[in-house]
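# Working through the structure, step by step
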Amino acid sequence: MGAALLSDPDKIEKILSTLVKGTRRPVTCKIRILPSLEDTLSLVKRIESTGIAAIAVHGRKREERPQHPVSCETIKAIAETLSIPVIANGGSHDHIKDHLDIEDFRRATAASSVMVARAAMWNPSIFLKEGLRPLEEVMQKYIRYAVQYDNHYTNTKYCLCQMLREQLESPQGKLLHAAQSSREICEAFGLGTFYEETTQELDSRRAELLAKTPEETREPAEDPSGVIKMAVKFDRRAYSPQITPKTCLLEWCRREKLAQPVFNAPWIGSSVLLSLLLSKSTSPPCGTSLRNWRNRLQPSSVYGARASLRVGWVRRAPPCTSVSERHLNKTLRAPELRTQQSLGICARSPL
């Protein structure tokens, strides 16, 4: 939990007790240590009394940074005091350099297990019992995975910078720092040909999937409930990591002072249905026919999946708002919502 809560144990206890009572799943929490051992032990006892399943302890005080030494003694005292599992954290800088060090850190803290963060970012092969793999090999493999699974380049770049660390000022590090796309990242590591071949293969696969789904190119079909179904493009690469259709909808509801949407995701065979149960319904922008609006939202497919949007339209279009729907089209305006309709996104696996 947030380090700011360490000064408010009553709130900590209330939050955890509510969580434990409200779910059947195991509840855990993570804390930093307090200035005194006595206060720390008093806090963890109160936390244990809430019924949580385990506690992770970062062996540094709230104001301390990674360069400060981790207090193995405090973590050990906590582990010896509590009856629930204690997860030791904070050993990346001082203790954990390879796989064997993880077990040594666990023994030094008498913990049940170890949480590794920074050391794993620096070289994920730290979990291999055979020992660390060369960093260049690890980065090359990571980049290949990132391209194959269409990872956003900003996240790929961040992870690679964490691996390079002090080598960021090297020629390769400078190329990585200047990269503004997955293509440029691949070129910085000599994987330009791999990027071209992989993206061509993925594009071909997408075209093949589109060719196999003629139902998505049909005219919108209306069922007896008045819901019109049509295909809508949703390509994750077109969005920044912070913006998704769900966040756009949430922001729009807040601006319009509407109730927040409720999401329901039941599994239906190989399909996942995300129903946005709104207190209002949707209609096309004023002056825009359903056919024209649909044409702006051309059917498409994300690699390995088909996406379709189910929208409940009202017969008479209400006045439009001036809110821009960034996730659909910059030229479109957010539709006004009315009662007793729903908006949903259905993603089906082609397998």
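Worth saying up front: this structure is predicted, and the values here are computed from it rather than measured.

Before going further, it helps to spend a moment on the sheet that holds strand 2 (residues 54-58). If you walk across this open sheet you meet the four strands as 1-2-3-4, and the pairing is parallel. Each edge of the sheet is formed by a strand with only one pairing partner; in this case those strands are strand 1 (28-32) and strand 4 (113-115). Strand-to-strand, the axes of this sheet are offset by a mean angle of 30 degrees, without reference to chain direction. As paired elements, strand 3 (residues 86-89) and strand 4 share three bridges and run parallel to each other. What sits directly across from Asn89, in strand 4, is Met115. Strands strand 2 and strand 3 of the sheet are contacted by helix 3 (residues 72-81), whose axis makes an angle of about 175 degrees with strand 3.

Our next topic: empty space enclosed by the protein. Using the criterion set out here, one finds three cavities of 30 Å³ or more in the structure. Contributing to the lining of the second largest cavity are Ile143, Ala146, Val147, Asn151, Thr156, Ser182, Ile185 and Cys186. Grouping the constituent residues of the lining of the second largest cavity by class yields five nonpolar, three polar and no charged.

Moving on: the packing of helix 1 (residues 9-22) against helix 2 (residues 37-49). Here helix 1 crosses helix 2 at 20 degrees, and the two axes come no closer than 9 Å. One element, helix 1, and the other, helix 2, form an angle in the roughly parallel class. Viewed along their axes, helix 1 and helix 2 form a crossing whose handedness is right-handed. Between helix 1, through Pro9, Asp10, Ile12, Glu13 and Leu16, and helix 2, the contact on the second element is made entirely by Leu43, Arg46, Ile47 and Ser49. Here the contact of helix 1 with helix 2 is composed, by residue class, of five nonpolar, one polar and three charged.

Of all the five residues making up strand 2, five are buried; the element is thus mostly covered by neighbouring parts of the structure. Alternating positions in strand 2 separate into two faces, Ala54, Ala56 and His58 on one and Ile55 and Val57 on the other, with burial throughout. Bridge count for strand 1 against strand 2 is five bridges, and the pairing is parallel. Bridge pairing in strand 2 places Thr28 opposite Ala54. With helix 2 bridging strand 1 and the parallel strand 2, this β-α-β connection has right-handed handedness. With four bridges joining them, strand 2 and strand 3 adopt parallel strand pairing. Bridge assignment links Val57 to a residue of strand 3, and that residue is Ala88. After leaving strand 2, the chain enters helix 3 and then returns to the sheet as strand 3, a path that is right-handed.

Another aspect to go through is the nonpolar core. Counting 35 residues, the largest nonpolar core has Ile31, Ile47, Ile52, Ile55, Val57 and Val86 as the members making the most contacts within it. Secondary-structure elements contributing two or more residues to this core are helix 1, strand 1, helix 2, strand 2, helix 3, strand 3, helix 4 (99-109) and helix 5 (118-122). Examining the composition of this core, we find that five residues originate from one element, helix 3, more than from any other. Ignoring any residue separated from it by four or fewer positions in sequence, one finds Ile55 in contact with Cys29, Ile31, Val44, Ile47, Leu82, Ile84, Pro85, Val86 and Ile87. Grouped together as the second largest cluster of nonpolar side chains are 17 residues, Cys161, Phe189, Leu191 and Phe194 included.

Attention shifts here to the pattern of salt bridges. Two side chains bearing opposite charge may form a pair once their charged atoms approach each other closely. Across all of its chains, the model carries 10 salt bridges by this definition. In this structure, the salt-bridge partner of Arg46 is Glu13, at a minimum N-O distance of 2.6 Å. Taken as a pair, Arg46 in helix 2 and Glu13 in helix 1 lie far apart in primary sequence, 33 residues in all. By relative accessible area, Arg46 is classed as partly exposed at 28%.

Reading the values: rules and limits
- Residues numbered from 1 in each chain as written.
- Predicted model: local features only at pLDDT ≥ 70, side-chain atom pairs only at ≥ 80, totals over all residues.
- Heavy atoms only, no water.
- Pairing = 2+ DSSP bridges.
- Helix = DSSP H or I, 4+ residues; strand = E, 2+ residues; numbered from the N terminus.
- Axes fitted to C-alpha atoms, helices over the stretch in contact; angles between N-to-C directions.
- Contact = heavy atoms within 4.5 Å.
- 1 Å grid on protein atoms, 1.4 Å probe; cavity = no way out; pocket = protein on both sides within 12 Å on 5 of 7 lines; lining within 4 Å.
- Points joined across faces, edges and corners; volume = space filled by probe spheres on them.
- Nonpolar A, V, L, I, M, F, W, Y, C, P; charged D, E, K, R; others polar.
- Parallel < 35°, antiparallel > 145°, perpendicular 65-115°, else oblique.
- Left-handed = near helix turned anticlockwise from the far one by under 90°.
- Buried < 20%, exposed > 50% of the residue type's maximum accessible area, 1.4 Å probe, protein only.
- Right-handed = clockwise from strand over helix to strand, strands pointing away.
- Core = buried A, V, L, I, M, F, W, Y, C linked by side-chain atoms within 4.5 Å.
- Salt bridge = Lys/Arg side-chain N within 4 Å of Asp/Glu carboxyl O.

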